[in-house]
Structure formats: C-alpha cells, structure tokens
Amino acid sequence: MGAVMAGTEVARQAAASASRRQLAVLLTAKTISDIGYALDFICLSVFVWEHSRSTLETGLVSVALYSGAIVGGRLGHRYGDRWDRRRMMIGADLARAGMLALLAVLPTGVQNWWLYPAVVVIGTGRSVFEATLSAATPVLAGPRTPSVNSALAGLKGVAFMVGMGLAAVLVPVAGYRWVFGLDAASYTLSAVVLLALRLRMREPDGRAAAARDRSGAWPLLVAAGVAGLVVLRGLDAFGSASQHVGLPLLGTELRPTEPAVVSGAVWGSWAAGLLLASFVLRPLAKRLVERAPAPVYCVATMVMSLGFIGVFWLDGWWPRLLAAAGAGLGDALSEITYKQSLQQLPDGRRGRAFGLSQITVNAGFMSGLLVTSLVLQPDWVAQWVLLLHGVPLLVAGWMAVGAARTARTAARAVGTVGPAAGTVGPAS
C-alpha cells in the first residue's frame with residue numbers, strides 16, 4: 001500500500017511539474033542571465049579601478065555586492081515562504097536590468113556614484129532570485145529535481161567561464177556602456193521568459209503552511225538535522241575568499257610578466273571539474289546522493305578544500321591544474337547535495353531556509369575577503385590558504401564521521417527491530 005501511495009505521489013508531482021521543454025527554456029534563460037552576472041562581476045570592478053585608480057573604491061564594489069546579497073538573503077528569510085515566487089524572480093530580474101540600463105546611459109560623472117547603488121541592487125536581486133529558484137525547484141521539477149540541480153550547477157560554471165571570457169573581449173571592442181546594456185538585456189530576457197512560461201512554483205498549501213508557522217529558519221534547520229550543513233557552508237565560503245585574493249599573487253610569483261595566465265588556467269581547470277561533477281559524476285552517484293546527501297556534501301567539501309590547498313602547495317603545472325579540477329569537482333557536488341538537503345524541507349518552509357543560507361554564505365565570503373585583504377602578505381599565501389581551507393576541511397571530516405556513525409546505528413536498529421516485527425511464528 002505504501003509503495004502504491006508513493007508511486008501515486010511521484011506521478012502527481014510529475015504531472016504538476018513543468019515540462020521538459022519549459023525547464024529547458026527556463027535553464028537557457030537563466031544561463032544567459034548568469035553570463036550577464038559574470039560580466040558584471042568582472043567589468044564593474046575594472047570600471048571603478050580605471051576611473052578612480054583607488055584600491056579602496058575598487059574594494060568597495062565587492063563590499064557593496066555582497067552587502068546587497070546579504071540584504072536579499074534577509075528578505076528571503078523573512079518573506080520567502082509567503083511571497084509569490086514567480087513575481088519576486090521577475091522583480092529581481094527587472095530591478096537588476098533597470099539599474100544596469102541607467103548605468104549604461106547616464107553621464108560619466110553620474111555613473112561614478114550610481115554604480116554603487118546599482119551593485120547593491122545586483123547583489124540583492126541575485127540573492128533573491130537564487131534562493132527563490134532553489135526553494136521552487138522541487139515544485140518545478142518534481143522527480144527530476146536532482147537532474148535540474150545538476151544542470152543548474154553545470155550551466156552556472158559554463159556561464160561564468162563564458163562571461164569572464166567575454167569581459168576580456170567586449171570591453172576593448174564595445175566599451176563599458178555596451179557591456180552594461182548587454183547585461184541589462186540578459187536580465188530582461190530572463191524576466192520575459194518567466195512571464196511567458198507562467199510556471200507553478202509553489203505547492204497549493206504552501207502559503208497556508210507558512211502563515212501557520214512564523215518561526216525562524218534556525219529552529220527548523222536544527223529540527224531537520226541540516227543546521228550543521230549551513231554552518232559548514234558559511235565556513236567554506238569564508239575559506240574560499242583565500243584563493244580569490246591569493247590567485248593573482250600566485251600568478252605574479254609563477255609568471256611575473258603574465259599573472260593572468262595562471263588565474264585563467266586555474267579557473268579553467270576548476271570549471272572542467274565543475275562540468276564533470278555536474279553532468280557525469282552526479283548521475284553516476286545518483287542513488288548515493290539521493291539516499292545520503294548530507295554525508296556526500298561533507299566529503300565533497302573536503303575534496304574541494306584539498307583541491308584549492310593543492311593549487312598553492314603542489315609544484316608543477318599539471319599537479320596544480322589537476323588539483324584545481326578536483327576543487328571544481330568537489331565544488332559542484334557540494335553545491336548540488338547541499339541544495340538537495342535543504343530542498344527536502346516542506347515547501348511552506350523552504351523559502352526562509354534558503355534565505356538564511358544566502359545570508360550565511362555571502363556574509364562568510366565577504367568576511368573572508370575583508371580579513372584576507374587586510375592581513376595577507378605575498379610571502380605566505382600558501383599558508384593562509386591552508387589555514388582558511390583547513391578549518392572547513394576538519395569540520396567536514398568530523399561531520400562525515402558523525403554521519404557515518406549515525407547511519408550505522410540506524411541500520412543496526414532496523415536490523416534488530418525489523419525481523420522481530422515481522423515474526424509470525426514461535427520463537428526458535
């Protein structure tokens with residue numbers, strides 16, 4: 001009877017979720033807007049540097065971006081279970097498009113101060129969009145949720161590499177105004193697709209459940225046993241700041257005349273690992289990921305941390321690039337399994353959980369950037385990367401051991417109770 005009910009539920013979810021064509025169109029539009037975000041990520045900082053030649057003003061771009069992302073996470077934490085998900089995603093796209101369109105047409109003098117509020121809105125919009133889409137994915141995709149999570153992770157890696165590559169080509173050819181205009185167009189396209197598809201993004205009783213339960217996300221995460229994953233995600237984000245600041249310094253050490261070559265090669269190898277994990281490894285490990293996403297997330301986090309440590313500690317090009325590919329592999333698999341762990345929460349509570357996740361991740365990364373920028377010296381980059389990635393590495397290892405023990409205990413309990421419950425004859 002239970003199997004029949006489970007099969008009926010799966011069939012109901014499949015019928016209610018979006019079609020393959022609709023999901024393909026949505027993923028394509030999101031990938032294009034991610035390319036726009038990657039262009040923003042590179043061009044906005046370079047734009048400020050070229051106009052100000054101030055490291056302080058250039059650094060404030062990252063502070064503004066991640067401050068906006070924290071604001072977006074706060075909005076999702078407070079209202080994400082009650083707002084209309086589709087409208088909020090459209091609003092996030094249009095807000096980003098509007099700010100960038102104005103940045104493209106305003107006079108140069110006004111551009112210089114308008115850029116900072118634009119960056120804040122870009123960060124807020126991305127945080128709202130990503131958290132809302134993650135919360136809505138089980139409703140959109142139904143039984144195909146793991147595959148859609150993998151596609152989102154892989155396509156994001158493709159988009160970032162394409163966008164960062166285009167930044168180096170488009171700015172010299174077309175100039176910043178055209179790039180900002182193209183970025184705005186990419187977000188507008190995403191909004192138009194969401195308007196046209198009219199996808200269902202919430203369970204029918206989702207808002208009613210959210211209205212009945214006004215508690216914060218943290219008690220929910222503790223009760224569901226996933227609070228530790230959110231803490232580990234924040235530590236991982238803090239540690240990841242080390243390679244973002246450290247790679248240009250490593251490039252200067254290895255190739256003083258062409259430091260960008262080192263960063264490009266490392267991030268290219270990282271992207272290759274990202275794609276391998278998203279489109280090959282995750283499907284091969286489908287059952288393991290679905291059965292135990294939390295332990296897999298801990299192990300994947302360890303692989304990612306070891307990979308980035310290897311980039312700075314190993315000698316020779318190929319060992320460094322293989323380590324970067326391993327970091328990308330762990331990065332993708334950790335993102336997929338982390339997201340899948342939170343998606344197991346009830347639909348009426350997922351919004352606040354993903355909002356809190358956005359706050360934790362972006363606050364961790366911004367804090368890591370600030371601390372690293374203040375204290376890091378070129379002669380101990382490798383030691384700093386080891387320290388910042390060593391902490392999440394050890395925490396992830398400790399959590400993985402704990403999860404394995406819990407699983408063994410549960411298996412023994414099932415093995416002990418199961419036969420007794422199923423015994424119908426006399427005991428031997």
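Residues numbered from 1 in each chain as written. Predicted model: local features only at pLDDT ≥ 70, side-chain atom pairs only at ≥ 80, totals over all residues. Heavy atoms only, no water.

1. Some thoughts on the environment of Met-89
And step 1. Tracing the chain through its elements places Met-89 in helix α4 (residues 85-105).
And step 2. Owing to a relative accessible area of 0%, Met-89 belongs among the buried residues under this scheme.
And step 3. Spatially, the C-alpha atoms of Met-89 and Leu-194 are 8.0 Å apart, while their sequence positions differ by 105 residues.
And step 4. When neighbours within four sequence positions are excluded, Met-89 is seen to be in contact with Phe-129, Thr-132, Leu-133, Leu-194 and Met-201. (Helix = DSSP H or I, 4+ residues; strand = E, 2+ residues; numbered from the N terminus. Buried < 20%, exposed > 50% of the residue type's maximum accessible area, 1.4 Å probe, protein only. Contact = heavy atoms within 4.5 Å.)

2. Comments concerning helix α6 (residues 145-174)
And step 1. Remark: the principal bend of α6, roughly 30°, maps to Ala-167.
And step 2. In the segment just after α6, Gly-175 is the residue with positive phi, at about 95°. (Bend = angle between axes of the 7 residues up to and from the residue.)

3. Examining the packing of helix α14 (residues 317-343) against helix α15 (residues 347-375)
And step 1. Two elements in contact, α14 and α15, have axes separated by 10 Å at closest approach and are oriented at 145°. On α15, the residues that touch Tyr-338, Lys-339, Leu-342 and Gln-343 of α14 are Arg-350, Ala-353, Phe-354 and Ser-357.
And step 2. Class assignment of the residues belonging to the contact of α14 with α15 gives a composition of 4 nonpolar, 2 polar and 2 charged. (Axes fitted to C-alpha atoms, helices over the stretch in contact; angles between N-to-C directions. Nonpolar A, V, L, I, M, F, W, Y, C, P; charged D, E, K, R; others polar.)

4. Side note on unusual backbone geometry
And step 1. Phi angles above zero are rare outside glycine, and Arg-198 is one such case at about 50°.
And step 2. Note on placement: Arg-198 falls in the loop between α7 (176-197) and α8 (206-212).

5. Quick notes on the nonpolar core
And step 1. In this structure, Leu-44, Leu-115 and Phe-180 are the most contacted members of the largest nonpolar core, which totals 36 residues.
And step 2. Among the secondary structure elements, those contributing two or more residues to this core are α2 (20-52), α3 (55-79), α4, α5 (108-141), α6, α7, α10 (227-254) and α15.
And step 3. Ranked by residues supplied to this core, first place goes to α2 with 7 residues. (Core = buried A, V, L, I, M, F, W, Y, C linked by side-chain atoms within 4.5 Å.)

6. So, a nonpolar patch on the surface
And step 1. A cluster of nonpolar side chains, Leu-276, Phe-279, Val-280 and Leu-284, forms an exposed patch at the surface whose accessible area comes to about 400 Å².
And step 2. Considering the arrangement of structural elements, one finds Leu-276 in helix α11 (residues 259-284).
And step 3. Residue classification places Leu-276 among the partly exposed residues on the basis of a relative accessible area of 41%. (Patch = residues over 30% accessible without salt bridge, like charges linked within 9 Å, V, L, I, M, F, W, Y side chains within 5 Å. Areas by Shrake-Rupley, 256 points an atom, 1.4 Å probe, with all protein chains shown as cover. Salt bridge = Lys/Arg side-chain N within 4 Å of Asp/Glu carboxyl O.)

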